[in-house]
Number of protein chains: 4
Amino acid sequence: MLDKSFNYVTFAEIFTVLSIMLEKPLRGIIPPAITPMIDNDTLDVVGLERLLNRMVDGGVSGVFILGTTGEAQNLSYNLRKELIRQTCRIVNGRISVLVGITDTSFSESLSLADIAAGQGADALVSAPPYYYTPGQPELIQYYEHLANRLPLPLFLYNMPSHVKVMIEPGTVRILSGHPDIVGLKDSSANAVYFRQLIYLLRDNPEFSLLVGPEEMTAEAVLMGAHGGVNGGANLFPRLYVDMYQAAVDKDFDRIAVLQSRIMQISMSLYTVGRYASSYIKGLKTTLNMLGICSDFVAEPFHRFGHAERETIKKGLIELGIEV
Amino acid sequence: MLDKSFNYVTFAEIFTVLSIMLEKPLRGIIPPAITPMIDNDTLDVVGLERLLNRMVDGGVSGVFILGTTGEAQNLSYNLRKELIRQTCRIVNGRISVLVGITDTSFSESLSLADIAAGQGADALVSAPPYYYTPGQPELIQYYEHLANRLPLPLFLYNMPSHVKVMIEPGTVRILSGHPDIVGLKDSSANAVYFRQLIYLLRDNPEFSLLVGPEEMTAEAVLMGAHGGVNGGANLFPRLYVDMYQAAVDKDFDRIAVLQSRIMQISMSLYTVGRYASSYIKGLKTTLNMLGICSDFVAEPFHRFGHAERETIKKGLIELGIEV
Amino acid sequence: MLDKSFNYVTFAEIFTVLSIMLEKPLRGIIPPAITPMIDNDTLDVVGLERLLNRMVDGGVSGVFILGTTGEAQNLSYNLRKELIRQTCRIVNGRISVLVGITDTSFSESLSLADIAAGQGADALVSAPPYYYTPGQPELIQYYEHLANRLPLPLFLYNMPSHVKVMIEPGTVRILSGHPDIVGLKDSSANAVYFRQLIYLLRDNPEFSLLVGPEEMTAEAVLMGAHGGVNGGANLFPRLYVDMYQAAVDKDFDRIAVLQSRIMQISMSLYTVGRYASSYIKGLKTTLNMLGICSDFVAEPFHRFGHAERETIKKGLIELGIEV
Amino acid sequence: MLDKSFNYVTFAEIFTVLSIMLEKPLRGIIPPAITPMIDNDTLDVVGLERLLNRMVDGGVSGVFILGTTGEAQNLSYNLRKELIRQTCRIVNGRISVLVGITDTSFSESLSLADIAAGQGADALVSAPPYYYTPGQPELIQYYEHLANRLPLPLFLYNMPSHVKVMIEPGTVRILSGHPDIVGLKDSSANAVYFRQLIYLLRDNPEFSLLVGPEEMTAEAVLMGAHGGVNGGANLFPRLYVDMYQAAVDKDFDRIAVLQSRIMQISMSLYTVGRYASSYIKGLKTTLNMLGICSDFVAEPFHRFGHAERETIKKGLIELGIEV
């Protein structure tokens, strides 16, 4: 009993320390890391080290693992847990680590969260359950139940193209009142939605509003967003950090130059092939060509073949990048 | 080395035995079982026994666990595995056991499949991965890779409302050529789609075509379907078995009587409340009122409150059922 | 004043006569006629005569002009009005004429309806307004206002793929109480929806339930539908009339033979090309090859080129039809 | 023959004059005018005068009639034509007049365009045909055929929520090469889409990129858009013109103040009631309370009742506006 109480106190203390570590609101570029893999059940740990160190060197504020870009849903739980452990070990407190716990099973979300907390991660991220489509009142109840049980602060994750439901602005407003719900990442690309969030949360300056699509990060930051969770920052972290800073500084000459490059990357590297998986395959192929990690993609997807690799290569050459 | 080879042979033999057990094509009513639960992590084993025994007594051909009606995606893996074990134990070979292994993670699907095979289940069922939307060529590759690795025959599961993609008729036709893909359950409610399947698979009489929505089972069987995976057979298994038999017998007087009752059940018990979860909550509330099992629903959903229970009760009374 | 009153009485009498003419419920095959055209503003009157006479000879109960198959929305109002006039002239009371008045503009719907009534058409058909998506209460109000102003009985037209909204079963039930709303054509292909309609309207035997997709007409009629509005009946009216009769007679041997042929037609002639317009282009190309009418398609679509024509030709040869 | 040739020359000359009048690229605020009506077939001409004069006084660059906000699809063609005539008469060259010719019928689009040209309008606007969903190659062909036949320059109109298809960035790029296609209005609210357009059209500085949703106009202009087609400019034209100018001036303090007010308007006046029509009803009710015009809404919609009016009134009072 003494032990238990002692542990509880210690855990609370750790939690306090972690909470202090997480900037409120979280700002800057937080790349949604791809998951380097050797095969369907094996992490490419060396590749992960190169990927994360490059991000830290590039000036990012944090890293978000096990998101959509990270193929989280396609990975086994063992691999997800290994990724959490290795990421926390490699990052070692240099930047914030956000861990995706999005799951259709409440219990599995909690299990991932406990491992993240145990390894020293800073926050959790969760999109709505994505098999059965919940209504908004069901979503509110779900996130409140979840946040009540989590050992770390939670970011909401709006991703309607994959989960079939928006976390509506009014729902976000209600949930933002929960002490452990500290921000939202929006991947809807819907600028009206995002402006509504900024407006509705104007009295809550600690609530972090982050935007997913890199094409719209500059304008979102100009209008009040706190940062971007941009896939391209896997490839060229410094570029996205510079863009973020240019937007913070309202340096429009610099924004124009950087935005143009970001659009070129987005339109040449993410759109090879015909399916929703083109974006992930494009990122991994590029990283592989840059010598950072394996281009293995988890089932049900498969790495690009020769023709698509050549197209990516051509895109990189047009970007002036040697491969 | 000897041991290994010995085990392998044994396994192959078991597999052969199991394959013989599974009727080809599988016919009749195979209820998609709800999952009786005491709380979010605990199976209601006594309830499960009552549920399954009632199904067997009702004349069903098999039971399908861990489908959409079974809230599979909302359950922890421990609970899913426990459900497989308990179901196989209770059924004990009296009917076929089909186990849902639908998962976004290929590895977790394989893991569930191995447990199902180890416990003596008869077949597996898998809807497409449901977070990232695959294209049809990606689906073909996915199912072929999956079937190559599975220890039991596989049923495809078309469920576009939940997984965002149809398994198109041409895709089914290609996959039906795989020796271990033995059937399809269609929950799209799309009669044109189903007619196209029947037409395209007319040369493959062993391929089982099963229909999900109970409202259309009679007509589907009249036109060549092999059976129904009907949720209402959790409640009144004999009724659905009788309807199936009436359709096989082309006994239209009997069909008219039974169809009318099935429609009354569907329109009064599944549509209480406002969300996609109404159907599952309605089934569980009714089963609870019938004294069969708990009405607990896994997160992110929650059992009906008093008002909805009263509406269900009224529906049952109108059906002439004492509660 | 006398004149006015006299006119009113006359009009009411005519209306009564017309109402008597329309069978209640309307039964059988009512082809949704394609619109034969010479160019974007000119009807192919000779082609229309051949088309309609062939339908009458084939035993259809009526013809439905200005539906989706008729490209109604793509035609100028002058052409629509000319089509109404010519159709009524050619048909000359031999079968019922149903005229589509689906329009986003209430006033234009009324205008088309008045012309239809003036030319001696028997009934009107209207899908929901299709630019702004109405809610169900808005739909109820819309159809009631419309029916109150129409000079002929009205069929509802459920076509969610084109108009973005279902006429939900509860809405149909309410509207079926209006004395001038006499039936519904369902093109959703959703068998659960159609079964719900049959169930909800079981006490209204005069309300005609017609099914659009020819692939599901047989089973719908077996289960209580009154007929089919099947596109293929433009091509081979007798085949669809025979199928309808076989379903009425519950002659399953005959259904099997005819259904197989209908599936072959549907899967070989309607799916050439890649867009939603393939079905209309396929029908018109086939009719052109059969020597019935021009294959001109109204803007924004265009007739098939050589390659697609060859594919259609091949399909017809496989069907044993000389071209 | 001489006459004909003379007319042709004259017409070409007029067209040249008109083309010179239209700023390239068109910049600023171009309100999508509501259509003031007395009843379903009668324009509220006095209301229209007040509405348009207020816009001109507010500093708008043009007015867009017969768009989505203008209920174009719900109006009879007579009313649409009357609206074109009255608008051109009232505006009398003070600002540009853009006329919506969006129609499912190519011929009716041409007919509206001819009237617009005859009355001295400056440009035309067309969303894709919205009943049958065209593919992108069909869209390209459609817009090229249309532009070839139009007497005035054409703006594309991206409105996927109503017409079911995006005019994809690659399609816009191809169409922007047509000499008479001079711009695009985007109502998708998709910021990634809009950034792609800006990037793809960076070498075409005369092509006007206008954004529909007022909530995102400021950021769009900051990033390179030329203006906004904002519904709220019906109510308070000066506010939106000021916002546009603040964005052009990169005056962030002023943007913050104006954006906050625009969000307050949007979230309190457009979201009363439950259907897609709430926005139009909200605009008309507010204009009626401001003493500008009738609040009549064309079928299938209907003006707000007492309760909704009170909610709008409350919103206006909170905005500090006397009614």
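Relevant structure appears above.
For every chain, the first residue of its written sequence is number 1, and the numbers climb from 1 along that sequence. Each chain is given a letter, starting from A, and each ligand a number, starting from 1, according to the order in which they appear as written. Local features in this predicted model are restricted to residues of pLDDT 70 or higher, and side-chain atom pairs are both shown and tallied only at a pLDDT of 80 or more, whereas totals for entire chains, interfaces and linings draw on every residue. To obtain the side-chain values, all non-hydrogen atoms of the structure were included, while hydrogens and water were left out.

Q: I'm lost on the interface of chain D and chain A in this one. Help?
A: The parts lose accessible area when they come together, and the size of an interface is often stated as this lost area. The contact criterion used throughout is that any non-hydrogen atoms of two residues lie within 4.5 Å. The interface of chain D with chain A comprises 23 residues on the first partner and 23 residues on the second. A quick way to say it: buried area is the sum, across both parts, of accessible area lost when two parts are put together, with a 1.4 Å probe. Together, the buried faces of chain D and chain A total about 2,300 Å²; carbon and sulfur atoms form 76% of this surface. The rule for a salt bridge is simple: a side-chain nitrogen of Lys or Arg has to be within 4 Å of a carboxyl oxygen of Asp or Glu. Note that glutamate 219 of chain A and arginine 195 of chain D form a salt bridge whose closest N and O atoms lie 4.0 Å from each other. Identification of polar contacts relies on pairs of N or O atoms within 3.5 Å, with a donor-acceptor requirement for protein atoms, meaning one able to donate a hydrogen and the other able to accept it, and with residues adjacent in sequence counted only if both atoms are side-chain atoms. Viewed at the interface, chain A and chain D are joined by two residue pairs in polar contact (both at pLDDT 80 or more). Each helix corresponds to a stretch of at least 4 residues labelled H or I by DSSP, and each strand to a stretch of at least 2 residues labelled E; elements are numbered beginning at the N terminus. Elements that contribute at least two residues to the side of chain D that touches chain A include exactly α8 (191-200), α9 (217-222) and α11 (252-269) of chain D. For the side of chain D that touches chain A, the element with the most residues is α11 of chain D, which contributes seven residues.

Q: Looking at this structure, I do not really get the sheet that holds strand β9 (residues 208-211) of chain B. What am I missing?
A: Across a sheet, paired strands are connected by hydrogen bonds in the backbone, their directions being either parallel or antiparallel. All names here are of chain B. For two strands to count as paired, DSSP must find a minimum of two bridges between them. What the eight strands build is an open sheet, ordered β1-β10-β9-β8-β7-β6-β5-β4; its pairing is parallel. Edge positions in the sheet fall to β1 (28-29) and β4 (62-65), since each has one partner strand and no second. Where strand β6 (residues 123-126) meets strand β7 (residues 154-158), three bridges bridge the pair, whose relative direction is parallel. By the bridge assignment for β7, valine 125 is matched with phenylalanine 155. On the sheet, helix α3 (residues 77-91) packs against β4 and β5 (96-100) and is oriented at approximately 170° with respect to β4. Axis definition: a line fit to C-alpha positions, over the contact stretch in the case of helices; interaxial angles, taken between N-to-C directions, run 0 to 180 degrees.

Q: Just to check I follow, could you spell out the interface of chain A and chain B for this structure?
A: The partner chain B presents 45 residues to the 44 residues of chain A that form the contact. Contact between chain A and chain B buries roughly 3,700 Å² in total, counting both sides, with carbon and sulfur atoms accounting for 56%. Counting the surface chain A buries against chain B, the share from its top three residues, Tyr131, Tyr132 and Glu138 of chain A, is 23%. For glutamate 138 of chain B, the salt bridge goes to lysine 281 of chain A, with nearest N and O atoms at 3.0 Å. Run the count over chain A and chain B and you get 30 residue pairs in polar contact (both at pLDDT 80 or more). Elements with a contribution of two residues or more to the side of chain A that touches chain B: α4 (106-118), α5 (136-149), α6 (160-163) and α12 (278-289) of chain A. The class makeup of the residues in the side of chain A that touches chain B is 19 nonpolar, 17 polar and eight charged. Note on residue categories: nonpolar means Ala, Val, Leu, Ile, Met, Phe, Trp, Tyr, Cys or Pro, charged means Asp, Glu, Lys or Arg, and polar means any other residue, Gly included.

Bear in mind that shape data such as this cannot, by itself, settle questions of function.
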